[in-house]
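# Observations on the model geometry
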Amino acid sequence: MNDLDTLVESARTQFAAASAPHDLENAKAQFIGKSGRLTELMKGMAQLSPEEKRTRGAAINQAKQAIEAALNERRQTLQDAELEAHLKAEALDVTLPGRQRGRGGLHPVTLTMERIEGIFGSMGFDVTDGPEIETDWFSFTSLNNPPNHPARSMQDTFYIDGNGADGLPLNLRPHTSPMQVRYAHAHVRRYGKGFDPRSGRLYDGPMPDIRVIVPGRTYRVDSDATHSPMFHQCEGLWLGENVSFSDLKTIFTGFCRTFFENGDLVLRFRPSFFPFTEPSAEIDIQFPSGPLAGRWLEVAGSGQVHPNVVRHMGLDPERYIGFAFGMGPDRLTMLRYGVNDLRLFFDGDIRFLSQFE
Ligand code: DAH
């Protein structure tokens, strides 16, 4: 073995001993590179004759190539090993069961809203919603409740900075009743004498009855076990040329018995006052049996739509008559499921909510 073979051999051994890329690069510097042993050998050629230089040079070159080949081979091996280790570390166990997504469910009040919509829908009522930020006119004045009228204190609402189209502060609607007049306006625009933008024709026929419910969020300055600053209401309105208080009784009795799935439920229409109805009645229900049996439970306000409200709808109170009601879906939900604290509905506690899944 000559000195070059020994050198190549020793390079191979050292490369093989390098177990990480940076060890390998250190080993490489000993042989190739500025102060490597090959470079030393090259320098040693200075004293040789031209003939000897040629042979010696070729031999050194060969040795250099052999060392480089060994280096590259070892580099590749280390790289492969590194990749292998990486893949192993990141390996996925595809046999592990997947992470389950929790099953969602509808909120109990949403369930009630859907129930209400379904029942009134089956009785021919349209379902609509309206703005939660209202003008003073729609929230109060249009409903026969003029500024400074004491009846306004029945609804202590939230006011919003900035004024509505009527120049008065905007409010978070304290009830869904403003939609009575809003909806009637749209209905009259659609069916009244004049151009009907939807059909593109002039309309001059009989006006179909207004028959609508309006479920939605409402707001009042109120907070305890049975009152929340945000709560839900569902307004109802049926207005036509021949709608009477007895229709209200039939419709609402039918609704309550269907809603509570109890044909023996008893209703009481108790005289009351609302500015937008005359006469007005509070509607109480009584369960014939069960934990609430024998107690009168208030579920809605109602009455015959006041002529001033009909006028604000753009209709003639001598011709159009009907009834309205407003009920609390939160309370209906509490009664249906036996929940005694309203705040549970709005806490978002999954332990409570998942019971209604
Ligand atoms: N808006 C009333 C309230 O929030 C409820 C109500 C009573 C609505 C009588 C009506 C009605 O439509 O006729 O207390």
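Because the structure is a prediction, the values reported are computed rather than measured. (Residues numbered from 1 in each chain as written. Predicted model: local features only at pLDDT ≥ 70, side-chain atom pairs only at ≥ 80, totals over all residues. Heavy atoms only, no water.)

### Here's the deal with the overall build of the chain
Across its full length, the chain holds twelve helices and twelve strands. Computed over its C-alpha atoms, the radius of gyration of the chain comes to 43 Å, more than 25% above the 21 Å expected for a compact globule of 357 residues. Along the three orthogonal principal directions, the C-alpha set of the chain runs to about 130 × 55 × 40 Å. Here the chain holds 357 residues, and 40% of them are scored as buried. Counting only contacts in the chain whose residues sit at least 6 apart along the sequence, the fraction spanning at least 24 positions is 63%. Element-wise, carbon and sulfur atoms account for 52% of the exposed surface of the chain, whose accessible area totals about 20100 Å². Of the charged side chains in the chain, 38 are positive and 46 negative, and the gap between their average positions amounts to 3 Å. (Helix = DSSP H or I, 4+ residues; strand = E, 2+ residues; numbered from the N terminus. Rg over C-alpha atoms; globule rule 2.2 N^0.38 Å. Buried < 20%, exposed > 50% of the residue type's maximum accessible area, 1.4 Å probe, protein only. Contact = heavy atoms within 4.5 Å. Areas by Shrake-Rupley, 256 points an atom, 1.4 Å probe, with all protein chains shown as cover. Lys, Arg positive; Asp, Glu negative; His and termini not counted. Charge placed at Lys NZ, Arg CZ, Asp CG, Glu CD.)

### Examining the packing of aromatic side chains
Using the criterion set out here, one finds 19 aromatic pairs in the structure. Ring plane angle 70° and centroid distance 6.5 Å describe the contact between phenylalanine 245 and phenylalanine 269, whose orientation is recorded as edge-to-face. Remark: phenylalanine 269 occurs in strand β9 (residues 266-274) and phenylalanine 245 occurs in helix α8 (residues 245-259); sequence separation between them is 24 residues. Under the relative-accessibility criterion, phenylalanine 245 is labelled partly exposed at 22%. (Phe/Tyr/Trp six-rings, centres within 6.5 Å; stacked < 30°, edge-to-face > 60°.)

### Details of the pattern of salt bridges
Summed over all chains, the structure comprises 17 salt bridges. The partner of glutamate 134 in a salt bridge is arginine 182, with the nearest N and O atoms 2.6 Å apart. Note that glutamate 134 is positioned in strand β2 (residues 133-134) and arginine 182 in helix α7 (residues 178-191), a separation of 48 residues in sequence. Since its relative accessible area comes to 1%, glutamate 134 is described here as buried. Owing to a relative accessible area of 26%, arginine 182 belongs among the partly exposed residues under this scheme. The salt bridge partner of glutamate 298 is arginine 270, with a shortest N-O separation of 3.7 Å. With glutamate 298 in strand β11 (residues 297-305) and arginine 270 in strand β9, this residue pair connects regions lying 28 residues apart in the sequence. (Salt bridge = Lys/Arg side-chain N within 4 Å of Asp/Glu carboxyl O.)

### Describing the sheet that holds strand β8 (residues 230-240)
In a beta sheet, neighbouring strands are held together by backbone hydrogen bonds and run either parallel or antiparallel to one another. If you walk across this open sheet you meet the seven strands as β1-β7-β8-β12-β11-β10-β9, and the pairing is mixed. Edge positions in the sheet fall to β1 (126-127) and β9, since each of these pairs with one other strand and no more. Lying over the sheet, α7 contacts β1, β7 (210-219), β8, β11 and β12 (321-327), oriented at roughly 140° with respect to β7. (Pairing = 2+ DSSP bridges. Axes fitted to C-alpha atoms, helices over the stretch in contact; angles between N-to-C directions.)

### So, the pairing of β8
Burial within β8 is extensive, with ten of its eleven residues counted as buried. Examined bridge by bridge, β7 and β8 share ten bridges and lie antiparallel to one another. Bridge pairing in β8 places arginine 217 opposite histidine 232. As judged from the seven bridges shared by β8 and β12, these two strands associate in the antiparallel manner. Looking at β12, one finds that glycine 240 is bridged to isoleucine 321.

### Details of unusual backbone geometry
Here the residue pair glutamate 278 and proline 279 is connected by a cis peptide bond, since its omega of 0° sits within 30 degrees of zero. With respect to the helices and strands, the residue proline 279 is situated in strand β10 (residues 277-286). The backbone of asparagine 148 shows a phi angle near 70°, a positive value even though the residue is not glycine. Mapped onto the elements of the fold, asparagine 148 is located in the loop between α6 (136-139) and β3 (158-163). The backbone of glutamate 261 shows a phi angle near 50°, a positive value even though the residue is not glycine. Within the element layout of this structure, glutamate 261 appears in the loop between α8 and β9.

### Quick look at the site of the ligand
If you check the shell around the ligand, you find 16 residues, and the closest are His175, Ser177, Arg220, Gln233 and Glu235. One of the side-chain N or O atoms of serine 177 is found 2.9 Å from a nitrogen atom in the ligand. With respect to the ligand, the side chain of glutamine 180 contributes an N or O atom lying 3.1 Å from an oxygen atom. Contact with the protein chains removes 92% of the 350 Å² of surface that the ligand exposes when unbound. (Near = heavy atom within 4 Å. Polar contact = N/O pair within 3.5 Å; in protein donor to acceptor, adjacent residues only side chain to side chain.)

### Brief notes about the nonpolar core
Among the nonpolar cores identified, the biggest contains 30 residues, and Ile116, Phe120, Phe252, Phe255, Ile285 and Met327 are the most heavily contacted of them. Going through the elements one at a time, α5 (108-122), β8, α8, β9, β10, β11, β12 and α10 (329-337) are the ones with two or more residues in this core. The residues touching phenylalanine 255, leaving out its near neighbours within four places in the chain, are Ile116, Ile119, Phe120, Met123, Met327 and Leu332. (Core = buried A, V, L, I, M, F, W, Y, C linked by side-chain atoms within 4.5 Å.)

### Quick word on the domain arrangement of the chain
Looking at the chain, the domain boundaries give domain 1 (3-89) and domain 2 (110-356). When each unit is reduced to the centre of its C-alpha atoms, the spacing between domain 1 and domain 2 is 91 Å. (Domains from an automatic or database assignment.)

### Overview of the side chain of threonine 218
Its place among the elements puts threonine 218 in strand β7. If we skip the residues at most four places from it in the chain, threonine 218 touches Arg173, Pro174, His175, Thr176, Pro229, Met230, Phe231, His232 and Gln233.

### Brief notes about the state of the cysteines
According to the stated counting rule, one finds zero disulfides in the structure shown. The thiol of cysteine 234 is not disulfide-bonded; the next cysteine sulfur, from cysteine 256, is found 12 Å away. Under the relative-accessibility criterion, cysteine 234 is labelled buried at 0%. (Disulfide = S-S within 2.5 Å.)

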